[in-house]
Amino acid sequence: MLRQTLIYLSKQQRLNDFVRTNWLASRFASRFVAGDTLDTAVAAVRALNTTGITATLDLLGESVRTQEEARAAVEGALSILAKIAAEKAPANMSIKLTQLGFDLDAAEFAAGIRRILDRAKQLGIFVRVDMEGSAHTQRTLDLFEKDLHPAYGDGIGIVIQAYLRRSAADIERLMAAKAKVRLCKGAYLEPPTVAFPAKREIAASYVALAQRLLASGQYHGIATHDPAIIAQVKAYAKEKGIAPARFEFQMLYGIRRDLQQGLRAEGYNVRVYVPFGTHWYPYFMRRLAESPSTLFFIPMSVLKEGIGR
Ligand code: FDA
């Protein structure tokens, strides 16, 4: 119920406008967000890399409502690519289609994403298309499977959400096409007709899909902080003789750093998703929804801040 409420609130524009400009709220968000600027994000990437962890840079933003916002997001993505290349940063990039105008003018959206992917290809930088709510799943997969993946091949990858009932069938098609997948549980509010409602079912789906990915021989991303799932993935890989270099674990900036470093120290590839920018509100609320205990720390920190000031 709390999760549902927080995800519902993540979509409220008025709250977004209010919270984004609130100093204290930005302080809390900084737990999950690597600053407002590309420079602060690249500094976070460098810090991660001191322990051998790589990164995925993500300019925060989604569901834009104007063409200007979409154009700004395209320019933002191009700046990330230029920065990664100029600094030889150990990072690739994620994009969200609704941030680039997926729901706005189709021709302009197509031109924008092509610009990004052409530049990424020139620079040799991998781009991952994040997966959003189920209203966009079919369109996202259609675009990826029919257009982007045939054009950009291994330079681009997609995300599959284990909570969706459809995902096993989607993965079969993607494996037949030799596509690169990031597997995650799924972060949006979905009805039980579309997504498994129980945590146990989501975990079972996740493990089955992860095994299918690992067995495919392609290089995939296993994106979770769930220690039980991670243990099962490691055990499966060992049992089948799949070397640690054949896949990577992926986690989010600021979450379970101990696990990130532990896996890296054990010799696994670890990539951390590093979001940055001022449009952090929906992302931050989804992270709160996954860890309602964090809500307890917010009033505690408010108190501390109050006492400290
Ligand atoms: P779960 O939520 O069960 O958490 C397992 C454990 O991790 C918790 O017990 C806790 O210890 C820790 N933890 C998890 N979240 C925490 C938090 N916010 N604060 C503190 N501790 C926390 N989703 C999506 O729909 N589309 C996408 O494109 C992506 N992309 C993506 C990339 C990467 C690299 C990751 C890691 C995740 C995503 N996600 C995503 C988000 C994903 O779907 C999911 O919502 C989160 O990863 C949380 O699920 P876990 O698998 O970590 O399990």
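This text follows the structure it describes.
Residues numbered from 1 in each chain as written. Predicted model: local features only at pLDDT ≥ 70, side-chain atom pairs only at ≥ 80, totals over all residues. Heavy atoms only, no water.

> So what's going on with the pattern of salt bridges? Which residues, and what values?
Evaluated as defined, the whole model comprises 22 salt bridges. A salt bridge links Asp39 to Lys83; the shortest N-O distance between them is 2.6 Å. Placement of Asp39 in helix α4 (residues 38–49) and of Lys83 in helix α5 (residues 67–87) is noted, with a sequence separation of 44 residues between them. Residue Asp39 is classed as partly exposed on the basis of its relative accessible area of 49%. Between Asp103 and Arg139 there is a salt bridge; the shortest N-O distance is 3.0 Å. Placement of Asp103 in the loop between β2 (91–95) and α6 (106–123) and of Arg139 in helix α7 (residues 137–152) is noted, with a sequence separation of 36 residues between them. Judged by its relative accessible area of 42%, Asp103 is partly exposed. Judged by relative accessible area, Arg139 falls into the partly exposed class, the value being 37%. One connected set of salt bridges, linked through shared partners, spans Asp39, Arg46, Lys83 and Glu87. (Salt bridge = Lys/Arg side-chain N within 4 Å of Asp/Glu carboxyl O. Helix = DSSP H or I, 4+ residues; strand = E, 2+ residues; numbered from the N terminus. Buried < 20%, exposed > 50% of the residue type's maximum accessible area, 1.4 Å probe, protein only.)

> Break down the site of the ligand for me, with residues and values.
Lining the immediate surroundings of the ligand are 25 residues, of which Lys185, Gly186, Thr224, His225 and Glu290 lie closest. Note that an oxygen atom of the ligand is positioned 2.8 Å from one of the side-chain N or O atoms of Gln161. Between Ala187 and the ligand, the recorded distance is 3.0 Å, taken from a backbone N or O atom to an oxygen atom. Protein contact buries 85% of the 940 Å² of open area that the ligand shows by itself. When each cavity is represented as a set of grid points, the ligand is found to reside in the largest pocket. Among the secondary structure elements, those contributing two or more residues to the shell around the ligand are β4 (156–161), β5 (180–184), β7 (247–252) and α12 (281–290). At 3 residues, the largest contribution of residues to the shell around the ligand is made by β7. Class assignment for the residues of the shell around the ligand results in 11 nonpolar, 6 polar and 8 charged. (Near = heavy atom within 4 Å. Polar contact = N/O pair within 3.5 Å; in protein donor to acceptor, adjacent residues only side chain to side chain. Areas by Shrake-Rupley, 256 points an atom, 1.4 Å probe, with all protein chains shown as cover. 1 Å grid on protein atoms, 1.4 Å probe; cavity = no way out; pocket = protein on both sides within 12 Å on 5 of 7 lines; lining within 4 Å. Sits in = over half its atoms within 2 Å of the grid points. Nonpolar A, V, L, I, M, F, W, Y, C, P; charged D, E, K, R; others polar.)

> Summarise the pairing of strand β6 (residues 220–223); cite the residues concerned and give the values.
Every second residue of β6 is oriented toward a common face, with His220 and Ile222 on one face and Gly221 and Ala223 on the other, all of them buried. Pairing of β5 with β6, which is carried by 2 bridges, proceeds in the parallel orientation. Bridging across to β6, Leu183 finds its partner in Ile222. Where the polypeptide runs from β5 across helix α9 (residues 199–215) and back to β6, its parallel neighbour, the crossover connection is right-handed. (Pairing = 2+ DSSP bridges. Right-handed = clockwise from strand over helix to strand, strands pointing away.)

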